[in-house]
Amino acid sequence: MDILNGHSLWWVAGLFLSLGLTGVIAGVLAGLLGVGGGIVIVPVLYNLFSLLGVDESVKMHVAVGTSLATIVPTSFMSARSHAAKGNLDKDLLKSLAWPLFGGVIVGSFLSGYFKGPVLSGIFGVVGLLVALNMAFRAKSSALADQLPGAPWKQFIGAIIGGFSTLMGIGGGTLSVPIFTAFNVPVHKAVGTAAAIGLVISIPGALGFVLNGLHVEHRPPFTFGYVNLIGFALIVPMTMWMAPVGARLASRTKPDRLKQAFAFFLFLTSIKMLYSLLTH
């Protein structure tokens, strides 16, 4: 079997360079803004795969699957760090673990049937909501004193797990604003979200591997819907560049940075949605 899948060596070199650049961008933005890698990696990969001419039928699936795989080690490192500082709410995590897992299973199952444009549409719509929340609701007051009881609490967990899997994110992008809206202290919300990333990314990545086996038109070195070169390059680059982003953040106003990222996410989401309407 030809591992290049008919692509030239120059194309593969471009793939290597692009994926390394993805890790650099994701790491810097994660350090700058404190956002999870997936919300950065998916749109960057999507745009880079577009430039490289990756087939439309698999482009978004590979971006999502690769992102979920990279979240596994980064979530582990982040959750361990937050737990050591006492910022991981174990009771909250335990109460949401099974609903989250159930949502991931449903999301993984649906991803095997959804075509690329559907995944792009989901990311585009939810990405717009996240961008608007980040830009305009950062300092708003809590909606309630605590999270609701059963079954609404479990429903929230399932929604976070399902949509995060379909979007290729670790859950923090959705769970942190939800937790803080229900009066969970922000440090506890962020620390617990890091552990939620593990609950989502491990079964989610496995689901995308299984769904992508034997699918045609995937980029070279792609196992299922996970690009192995992307995984190997993005993870170390992200970990290397995140401290650089954190140092840059100390010299820049956080509100301006969040607005800048919200603008980036807004434009990317609009581009995804516009491309769906014009095809």
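Residues numbered from 1 in each chain as written. Predicted model: local features only at pLDDT ≥ 70, side-chain atom pairs only at ≥ 80, totals over all residues. Heavy atoms only, no water.

**Let's talk about the overall build of the protein**
Then, number 1: When you go through the protein residue by residue, the secondary structure sums to 10 helices and 2 strands.
Then, number 2: When the elements of the protein are put in sequence order from the N terminus, they spell out α-α-α-α-α-α-α-α-β-β-α-α.
Then, number 3: With respect to the three principal axes, the spread of C-alpha positions in the protein is 55 × 45 × 40 Å.
Then, number 4: Here the protein, with 279 residues, has 49% of them falling under the buried criterion.
Then, number 5: When the accessible area of the protein is evaluated, it comes to approximately 13,600 Å², of which 70% is carbon and sulfur surface.
Then, number 6: Side-chain charges of the protein comprise 17 positive and 8 negative groups, with the mean position of each set lying 12 Å from the other. (Helix = DSSP H or I, 4+ residues; strand = E, 2+ residues; numbered from the N terminus. Buried < 20%, exposed > 50% of the residue type's maximum accessible area, 1.4 Å probe, protein only. Areas by Shrake-Rupley, 256 points an atom, 1.4 Å probe, with all protein chains shown as cover. Lys, Arg positive; Asp, Glu negative; His and termini not counted. Charge placed at Lys NZ, Arg CZ, Asp CG, Glu CD.)

**Observations concerning helix α2 (residues 37–52)**
Then, number 1: Here α2 spans 22 Å end to end across 16 residues, near enough to the 22 Å set by a 1.5 Å rise per residue.
Then, number 2: Judged by how many residues are buried, α2 sits mostly within the fold: 13 of 16 residues are covered. (Expected span 1.5 Å × (residues − 1).)

**Observations regarding the packing of aromatic side chains**
Then, number 1: Tallied over the full model, the rule gives 5 aromatic pairs.
Then, number 2: Between W98 and F101 the ring centres are 5.8 Å apart and the planes differ by 90°, which places this aromatic pair in the edge-to-face class. Pair noted here: W98 and F101 are both in helix α4 (residues 90–111), with a separation of 3 residues, about one helical turn.
Then, number 3: Residue W98 is classed as exposed on the basis of its relative accessible area of 69%.
Then, number 4: Between the NZ or CZ atom of K59 and the centre of the ring of Y46, over which it lies, the distance is 4.6 Å. (Phe/Tyr/Trp six-rings, centres within 6.5 Å; stacked < 30°, edge-to-face > 60°. Lys NZ or Arg CZ within 6 Å of the ring centre and 35° of its normal.)

**Notes on helix α7 (residues 172–181)**
Then, number 1: Along α7, the residues classified as buried are T173, L174, S175, V176, F179 and A181.
Then, number 2: Those residues of α7 hidden inside the fold are in contact with α2, α4, α5 (116–136), α6 (152–167) and α8 (186–212).
Then, number 3: Two residues or fewer past α7, N183 is found with a positive phi of approximately 70°. (Contact = heavy atoms within 4.5 Å.)

**Section: the nonpolar core**
Then, number 1: Core analysis: the biggest nonpolar cluster contains 67 residues, and I39, F49, M60, F123 and F179 have the highest contact counts within it.
Then, number 2: If you tally residues by element for this core, the top one is α2, at 10 residues. (Core = buried A, V, L, I, M, F, W, Y, C linked by side-chain atoms within 4.5 Å.)

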